[in-house]
Amino acid sequence: METVLSKHSPPLAFKGVSKEEEESLLGQVEIWRYMCAFTDSVALKSIIELRVADIIDRFGKPLSLSQIAANIEDAPSPDVKLLERLMRVMVRRKIFSAEKSESGETLYGLTRASKWILRDTKMTLAPMLLLENHPIHLNPAHYISDTVREGKENGTPFLRCHGHDQFEMTGLDEEYNRLFNEGMVCTARIVPRAVISGYKDGFNQIESLVDVGGGIGGSLSEIVRAYPHIKAINFDLPHVVATAPPYDGITHVGGDMFVSVPNADAIYMKWILHDWSDEHCIKILKNCREAIPEKTGKVIIVDHVLQPEGNEPFSDTGHAFDMMLLAHNSGGKERTEENWQYLFKETGFPRYNIIKINALPSIIEAFPI
Ligand SMILES: Nc1ncnc2c1ncn2[C@@H]1O[C@H](CSCC[C@H]([NH3+])C(=O)O)[C@@H](O)[C@H]1O
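The structure presented is a predicted model; accordingly, all values stated were derived computationally and were not measured.

The rules we used
- All residue numbers refer to positions counted from 1 along the written sequence of the respective chain.
- Where totals are concerned, whole chains, interfaces and linings use all residues; where local detail is concerned, this predicted model gives features only for residues with pLDDT of at least 70, and gives and counts side-chain atom pairs only at 80 or more.
- Side-chain calculation: all heavy atoms of the structure are included, whereas hydrogens and water are not.
- A helix here means a DSSP run of H or I that spans at least four residues, while a strand means a run of E at least two residues long, and both kinds are numbered starting from the N terminus.
- Only protein chains enter the area calculation, which uses a 1.4 Å probe; residues under 20% of their type maximum are buried, those over 50% are exposed, and those in between are partly exposed.
- Residues are treated as being in contact if the distance between any of their heavy atoms lies within 4.5 Å.
- Methods summary: accessible areas were calculated by the Shrake-Rupley approach with a probe of 1.4 Å, and residue burial reflects only the protein chains presented.
- By definition, two strands form a pair when at least two bridges between them are found by DSSP.
- Lines fitted to C-alpha atoms define the axes, with helix axes restricted to the stretch in contact, and inter-axis angles between N-to-C directions lie between 0 and 180 degrees.
- UniProt positions are given in the numbering used here, feature names are shortened, and annotations may be inferred rather than shown by experiment.
- Counted as salt bridges are all cases of a side-chain nitrogen of Lys or Arg within 4 Å of a carboxyl oxygen of Asp or Glu.
- Whether a residue is near a molecule or strand depends on its heavy atoms: if one lies within 4 Å, it is near.
- Any N or O atom pair separated by 3.5 Å or less is treated as a polar contact, with the protein-specific requirement of one donor-capable and one acceptor-capable atom, and with residues adjacent in sequence counted only for side-chain atom pairs.
- Each residue receives one of three labels: charged for Asp, Glu, Lys and Arg, nonpolar for Ala, Val, Leu, Ile, Met, Phe, Trp, Tyr, Cys and Pro, and polar for the others, Gly being one of them.
- Note on terminology: a nonpolar core comprises buried Ala, Val, Leu, Ile, Met, Phe, Trp, Tyr and Cys residues joined through side-chain atoms within 4.5 Å.
- Known as pLDDT, the predictor's per-residue confidence is scaled from 0 to 100.
- Here, expected helix span is obtained from the residue count minus one, scaled by 1.5 Å.

Turning our attention to the overall build of the protein. Counting its regular elements, the protein contains 16 helices and 10 strands. Reported as C-alpha extents along the three principal axes, the dimensions of the protein are approximately 75 × 50 × 40 Å. Going through the 369 residues of the protein one by one, you find that 44% of them count as buried. Expressed as a percentage of contacts within the protein between residues at least 6 apart in sequence, the contacts between residues at least 24 apart total 61%. Within the structure as shown, the protein displays about 20400 Å² of accessible surface, and the carbon and sulfur contribution to it stands at 54%.

Next comes the structure, spelled out in structure tokens:
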């Protein structure tokens, strides 16, 4: 009798092969899957550029291909056949739903995933996806093996690829700077919400807070909105704060965290230390320790705590971030708890807490006593 496959059946085993051959074939399947993994990412990028999710969202109901195509901006003669193939793979990945209308036409609707790639909304990952797929951001990955062979002393993959470090590049290429900052701003909206709800009393006692490497102030603006009593400083490189919009309760300060950071009751650092080597982090953390009160101060780090065997919802993404850092930064890496302990021991933070929140990174509080 023929086996009937439901949507949830495990993949078909191979017919007429020995256990050994099956093992080998399954290995082949795995390599094909990883080899082609980039196609999902670029398909998503195209869907975001075409604003397909926004079009469906605007109509508030599932749409046919021709309705979607007719609403794509700057597309006088859209190729509906190509769009259909893109949508087919996106439906397979559950980025969109597909159902048949009474007339037999396929109608595409939003899913829980497509809501995160809307562009006309604040809670979106679309800018981050556009950044991750930009050639300036992506191409350094092709220099990883050279760097493994020759060592980072001869240049990071990013430097080998572009002739400049990443944060020099944001100063040199206006579009990359914009994409980078927009990518950070979008996660700066998503992550602080999880920080605020998962770190309930963490900000209560704080009168003044500096966001070190705060970009253009997105994270801090969310925190200050939830805790308006806080006097906040957004601290970043001068060319970054120069493009920051004004926010009530926030002063933008340009400077270099390797030289010094402004004084405050507490320091907030989201996705900073993972950009840097242990030596660099030690410098930053020492400057942070000098900037906060010895008895009551704390540093609130929002970063990954990598679990090599972790099987939590965001575990895999933590490892993917580690690969991106490997390509982009001279010493940037995601850190295990043991790696964090080492940094705190070297910089005079004898006590720390790891607080898991409903987000990709965790909160790591470090105290000077
Ligand atoms: N030497 C430096 N001093 C201050 N900020 C820096 C320095 N080098 C890099 N940065 C900033 O570090 C930030 C890292 S990206 C993280 C931005 C932000 N905390 C967020 O999570 O959204 C960028 O905004 C850089 O401009």
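This part is about the sheet that holds strand β6 (residues 250-254). Pairing is mixed in the open sheet, where seven strands are placed in the order β6-β5-β4-β7-β8-β10-β9. Only two strands of the sheet have a single neighbouring strand rather than two, namely β6 and β9 (351-355). Strand-to-strand twist of the sheet, defined as the mean angle between neighbouring strand axes without regard to direction, takes the value 20°. Sitting on the sheet, helix α11 (residues 174-198) touches β7 (266-270), β8 (298-303), β9 and β10 (362-367), and the angle it makes with β7 is about 130°. Across the face of the sheet, helix α14 (residues 278-291) comes into contact with β7 and β8 while running at roughly 150° to β7.

So, on to the UniProt feature "domain: O-methyltransferase dimerisation" (unreviewed entry) in the protein. With numbering matched to this structure, UniProt assigns "domain: O-methyltransferase dimerisation" (unreviewed entry) to residues 32-119. Across residues 32-119, the secondary structure splits into 50% helix and 14% strand, with the terminal C-alpha atoms separated by 32 Å.

Before going further, it helps to spend a moment on the pattern of salt bridges. Scanning the entire structure with this criterion turns up 16 salt bridges. Two residues, R178 and E182, come together in a salt bridge whose shortest N-O distance is 3.3 Å. Highlighted residues: R178 and E182, both in helix α11, separated by four residues, approximately one helical turn. Note on R178: relative accessible area 41%, which makes it partly exposed. Using a relative accessible area of 34% as the deciding quantity, one classes E182 as partly exposed.

Attention now goes to the sheet that holds strand β3 (residues 106-110). Sheet architecture is open: three strands sit in the order β1-β3-β2, paired in antiparallel fashion. Among the strands making up the open sheet, the edge pair consists of β1 (63-64) and β2 (96-100). Sheet analysis places β1 next to β3, joined by two bridges and oriented antiparallel. The partner of L63 across the bridge, within β3, is Y108. On top of the sheet, helix α3 (residues 52-59) reaches β1, β2 and β3; it is set at about 95° to β3, its chief contact. Lying on the sheet, helix α5 (residues 80-92) is in contact with β2 and β3; it crosses β2 at an angle near 105°.

Within the secondary structure, I230 is located in the loop between α12 (218-226) and β5 (231-236). Exposure remark for I230: the relative accessible area of 3% places this residue in the buried category. The spacing of I230 and V259 is 29 residues in sequence and 25 Å in space, taken between C-alpha atoms. Dropping the residues within four chain positions of it, I230 is found in contact with F203, I206, E207, S208, L209, I223, V224 and G249.

Right, let's get into the UniProt feature "active site" (unreviewed entry) in the protein. Following the UniProt record, the feature "active site" (unreviewed entry) maps to H274 here. With respect to the helices and strands, the residue H274 is situated in the loop between β7 and α14. Here H274 falls in the buried class, since its relative accessible area comes to 5%. Dropping the residues within four chain positions of it, H274 is found in contact with D303, H304, F321, L325, G332, K333, E334 and R335.

Neighbouring residues of the ligand: 18 residues in total, closest G213, D236, D256, M257 and K270. Measuring from an oxygen atom of the ligand, one finds a side-chain N or O atom of D236 at 2.6 Å. Isolated, the ligand exposes 580 Å² of accessible area, and the fraction of that covered by the protein chains is 96%. For the shell around the ligand, the leading source of residues is α11, giving three residues. Its residues assigned to classes, the shell around the ligand comprises 11 nonpolar, three polar and four charged.

With that settled, the discussion passes to the nonpolar core. Within the largest apolar cluster, 32 residues are counted, with the highest numbers of intra-cluster contacts made by I47, V52, I68, L83, M87 and F96. When residues of this core are traced back to their parent elements, those giving at least two are α2 (37-49), α3, α4 (65-70), α5, α6 (126-132) and α11. In contact with I68, not counting residues within four places along its chain, are V52, I55, I56, L63, L83, M87 and Y108.

With that settled, the discussion passes to the side chain of S221. By secondary structure assignment, the location of S221 is in helix α12. A polar atom in the side chain of S221 sits 2.8 Å from the backbone oxygen of G218. Ignoring any residue separated from it by four or fewer positions in sequence, one finds S221 in contact with Y247 and I250.

Here we take up the confidence of the model for the protein. Mean pLDDT over the protein stands at 93; residues scoring 70 or higher make up 97%. Listed scores for the predicted complex are pTM 0.84 and ipTM 0.99.

Its 14 residues give helix α15 (residues 315-328) an end-to-end C-alpha distance of 20 Å, which sits within 8% of 20 Å, the value for a rise of 1.5 Å per residue. Among all positions in α15, only S315, G318, F321, D322, L325, A327 and H328 are buried. The elements touched by buried residues of α15 are α6, α7 (135-138), α8 (144-150), α9 (157-162) and α10 (166-172).

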